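# Descriptive structure summary
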Amino acid sequence: MTLSTSNVDVERAQREQHERRMPGDAGRPLSQSRGVMRTARIVSTALVALWFALPFLPLVLWSFANSWSAPDLLPMSVGTDGLTAAIANGAVAAFGDSLLLSLIVAAIATPVGAMAARALSRHRLPFGRLVSVLLFSPVLLPPFAAVLGINVVLLRAWVPPELGVTLVLVVVAIPYTTFSMRVAYAAYDDGFDEAARTLGATSRFALWRIHLPLIAPALARSAFLAFLVGWSDYLVTLVVGGGQLVTLPLIIASSASGIGNESSVAVLSLSAVIPPLILLGFVSRARNLNPGRQ
Amino acid sequence: MTAVTTVPTVTTVTTPLTPGPVRPRRRQLRAALLVLPAVIPVAIVVIGGVGTTVLQSLGLMPLVGAAQLSTAAFDDTDELLTSALLSLSIAVVSTAIAAVVGFFSAVLIISGNWGGRIVAVLGAAAVTVPHLVGAATVGLLLSDSGVLARLFGISPDAWPALVAGPTWFAVVAEYAWKESAFIALIIVGTLATRITSYDEAAAVLGAHRPARLRLVLFPLAAPSLLVASAIAFAYTLGSYEVAWMLGTTYPEPLSVMALRLFNSASLTARPEAAAIGVITVVLTAAVVGVAMLGLRRMRAWR
C-alpha cells in the first residue's frame, strides 16, 4: 500500500519536474494571457491555423472522389479513380525521377555548402564578403531571367539536359545549404576536433568520427532544404530539361491545365506533398548532439 | 631542468592544433579550396545566365544573323510598363499580407501554447509544399465550382471570378499563404529564445500586451521580418508557375510574358524575352537594395 502511493508520488514529481519551465522557455505563465485576451488569442490561433490548413482540404477531398459535381458539399462516390488516372499519366515514373533528381541535388549541394560555410565561418578567406554575396545571390535572382540565359549557354556547350537541370538546381540550393551550415558553424566548438588531434587522431579520423557526427543534425537540415529545392522546381526542369526530364511538378502542371482532372491533380499533388512532410518529421527529430551545449 | 623541458609542450598545445603550424598564406589557400566547389557553379549560372540574358536583350546573341547592338527589345514600353506594374502590385500585396500574417503567426508560435505548436506544425507543412502544388490546390479551393464555393453553398454563377479573374485574387492568395509560412518560420528560427526573455522582462515591469507587442516583440523581430519579406518579394516577382496557372491571359506578369515570348516561334521574340528578364533583375535588385539600406538603418538604431 505505502509502496504504491510512494511510487505514484515519485512519478508525479518526475512529471512535474519534466513539465517545469525554465527561464527563457517559451510560454511562461508570466506572459500568459487571461480573460478577454485569452479568448482573442484562441480565436486568432484558430484563424491562423485555418489559414495554413485550408489549402490542404481540397487535396484530401478530391483525392478520393470518383464523382463530385458542383453543388454537392462532399464527394458523391468515393474511390480510387483519381489514383488510376494519375498512374496512367505516368505518375510513378515521374515520382521516381523527382525523387532521384532531388536526392542528387541534395547530395551535391549539402557537402559543397558545408565546405563553403566552414571556409566562410573562419574569416580566413580573401574577399569573404564578396563570396558570401555571390553564394547568396541565387535566392534573389528571378529564376526565369537566369534560366533563359543559362539555357543558351548550356545548349551551345552541348551539356546534356539532365546535367544542366542538376547544375542549375544545385546552384539554387547552395544559398540554403551554405547559410544554414553557417548558422551551425557559428555555434560549433573547434575544441572537439583539437582535443581529438591532441589525443593522436589523424585528421581523417577526426573528420569522420568527431566533426561529422557533431554537425550531422545541421547537415540533415541543409540536405532537407536542398531536397526541397529539387522537389519543388518546375521552371528549371521545364526550360533547361527541354522535355527530357519529366518530374512530378511537370505532370501536375499538364494535368491541371486540362479540364475535369480534379481528382487526378489532387492525387498527384498529395503525392508531391507527402514525401517532404515525412522527411521533415525525420529532420525535426534529429537531436543536436553537440555535448558542449548540453 | 624538468620545469624547463615541460614549457615547450605547453606552448605547442595552446596554439590551434587542427591546421597545424601553417602559414597564413596556406590557410587562405585552404579556405579558398574549400569554397571553390560552391563558387564555381554559382558563378557559372548567375554570371553566365544574367550575362547571356543581357547580351541577348541587346541583340548581341541572335539565334540567326549578325550580332548588332540595339535596344529594340525594350521598345514596347506600354506593354512592358503594364506587365511590370502588374508584377509589382501582385508582389507588394502578397508580400504585405504574408508579412502581417507571418509576424502574428510567429508571435503565436513563440508564445508556446499548444495552439502555437499546432500553428508551427501547419506552417512547417505549408513551407514544404511546392508552389506549383500550392497553385493547383488553391485553384481547387477558390474556383467557381471549388471547395469553398460548395462549403458556402454558392452556385458557380454567383461565385466571384477569384481564379483567372481581373483581381488576381487566387495568385495573391497562393503567394500570401506560402510566404507567410516562410516568414513566420524565419522569425521563429532567429528569435525564439531571445524574444521570450525580453517579453517577460517587459511584463515584469508592467507593460501591457499591446505595448509589449509594439515596443518589444515587433522591434526585435523587425530585422528578420524585413529580410524574410525581401526574399519573399524577390521570389514572388520572379516566380512563374503560380501566375501562369491561376492568372488571366491578359495583362500578363513579367515572368509569364517572358516565357510566352521565349517559347514563341518569332525570331524577334527571344531578345524581348531577355529584355523582360533584365527588367525583372533590375527591379529585384532595386527592391533588395532598399531593404538592405533599411536593415542597415535598423542595425544603426539598435
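Procedures and definitions
Residues numbered from 1 in each chain as written. Chains lettered and ligands numbered in written order. Predicted model: local features only at pLDDT ≥ 70, side-chain atom pairs only at ≥ 80, totals over all residues. Helix = DSSP H or I, 4+ residues; strand = E, 2+ residues; numbered from the N terminus. Buried ≥ 20, exposed ≤ 12 C-beta atoms within 10 Å, placed from the backbone. Contact = placed C-beta atoms within 7 Å. Nonpolar A, V, L, I, M, F, W, Y, C, P; charged D, E, K, R; others polar. pLDDT = per-residue confidence, 0-100. Axes fitted to C-alpha atoms, helices over the stretch in contact; angles between N-to-C directions. Parallel < 35°, antiparallel > 145°, perpendicular 65-115°, else oblique. Left-handed = near helix turned anticlockwise from the far one by under 90°. Core = buried A, V, L, I, M, F, W, Y, C linked by C-beta atoms within 7 Å.

Let's shift gears to the overall build of chain A. Scanning chain A from N- to C-terminus turns up 13 helices and two strands. Counting all 294 residues of chain A, 43% fall into the buried class. Sequence-distant contacts, at least 24 apart, represent 74% of the contacts inside chain A between residues at least 6 apart.

Per the secondary structure count, chain B includes 11 helices and zero strands. When the 302 residues of chain B are sorted by exposure, 45% land in the buried category. Pairs at least 24 residues apart make up 72% of the contacts formed inside chain B by residues separated by at least 6 positions.

Our focus in this paragraph is the environment of Phe 169 of chain B. You can see Phe 169 of chain B is positioned in helix α7 (residues 169-204). Separated by 53 residues in sequence, Phe 169 of chain B and Ala 222 of chain B have C-alpha atoms that sit 27 Å apart.

Now for the interface of chain B and chain A. If you look at the interface, chain B gives 91 residues, while chain A gives 86 residues. Top element by residues in the side of chain B that touches chain A is helix α2 (residues 24-57) of chain B. It accounts for 21 residues. For the side of chain B that touches chain A, a count of residues per class yields 55 nonpolar, 30 polar and six charged.

Moving on to the confidence of the model for chain B. Residues and elements named next belong to chain B. Per-residue pLDDT for chain B has a mean of 83; in total, 89% of the residues score no lower than 70. In this model, residues 1-17 is a region of pLDDT below 50 whose contacts with residues beyond four sequence positions or in other chains number five contacts. Across the interface, the model reports ipTM at 0.84; the global pTM reads 0.85.

Close inspection of predicted coordinates is inappropriate for parts of the model with low pLDDT. Residues and elements named next belong to chain A. A residue-level look at chain A finds 82% of positions with pLDDT of 70 or above and a mean pLDDT of 82. At the level of individual helices and strands, chain A shows its lowest average pLDDT in helix α1 (residues 2-19), which scores 54, and its highest in helix α5 (residues 91-121), which scores 93. Within the model, the stretch residues 1-7 combines pLDDT values under 50 with zero contacts to residues more than four positions away or in other chains. Throughout residues 289-294 the model reports pLDDT below 50, and contacts reaching past four residues in sequence, or to other chains, amount to seven contacts.

Running from N to C, helix α8 (residues 161-186) of chain A and α2 of chain B cross one another at 125°; their axes reach a closest spacing of 9 Å. It follows from the interaxial angle that α8 of chain A and α2 of chain B lie oblique. The way α8 of chain A lies across α2 of chain B gives a crossing that is left-handed. Judged by residue contacts, Leu 167, Val 168, Val 170, Val 171, Ile 174 and Thr 178 of chain A of α8 of chain A engage Ala 38, Pro 41, Val 42 and Val 45 of chain B from α2 of chain B.

All names here are of chain B. Cis rather than trans, the peptide bond between Tyr 250 and Pro 251 has omega equal to -5°. Note on placement: Pro 251 falls in the loop between α9 (241-246) and α10 (254-263). Positive phi, normally seen in glycine, also occurs at Ala 164, with a value near 55°. Among the secondary structure elements, Ala 164 is positioned in the loop between α6 (147-151) and α7. Even without glycine at this site, Trp 168 takes up a positive phi of about 60°. Among the secondary structure elements, Trp 168 is positioned in the loop between α6 and α7.

Turning our eyes to something else, we now look at the nonpolar core. Proteins that are soluble and globular tend to have nonpolar side chains buried together. In this structure, Val 168, Ala 173 and Ile 252 of chain A are the most contacted members of the largest nonpolar core, which totals 167 residues. For this core, the element with the highest residue contribution is α7 of chain B, accounting for 15 residues. Among all residues touching Ile 252 of chain A, those that are not within four sequence positions of it are Val 265, Leu 268, Ser 269 and Ala 272 of chain A together with Leu 132, Val 133 and Ala 136 of chain B.

Next up on the list: the environment of Ala 125 of chain B. Residues and elements named next belong to chain B. Topologically, Ala 125 is positioned in helix α4 (residues 114-128). Accessibility expressed as a C-beta count within 10 Å gives 17 for Ala 125, which makes it partly exposed. Along the primary structure Ala 125 and Thr 196 are separated by 71 residues, whereas in three dimensions their C-alpha atoms are 24 Å apart.

To continue, consider the packing of helix α3 (residues 77-110) of chain B against helix α8 (residues 209-238) of chain B. All names here are of chain B. Relative orientation of the contacting elements α3 and α8 amounts to 145°, with a least axis distance of 9 Å. Regarding α3 and α8, the two cross each other, and that crossing is right-handed. For the pair α3 and α8, the contacting residues are Ser 87, Ile 90, Ala 91, Ser 94, Thr 95, Ala 98, Ala 99, Phe 103, Ala 106 and Val 107 in the first and Leu 217, Ala 221, Leu 225, Ser 229, Ala 232, Phe 233, Thr 236 and Leu 237 in the second. Grouping the amino acids of the contact of α3 with α8 by side-chain chemistry returns 13 nonpolar, five polar and no charged.

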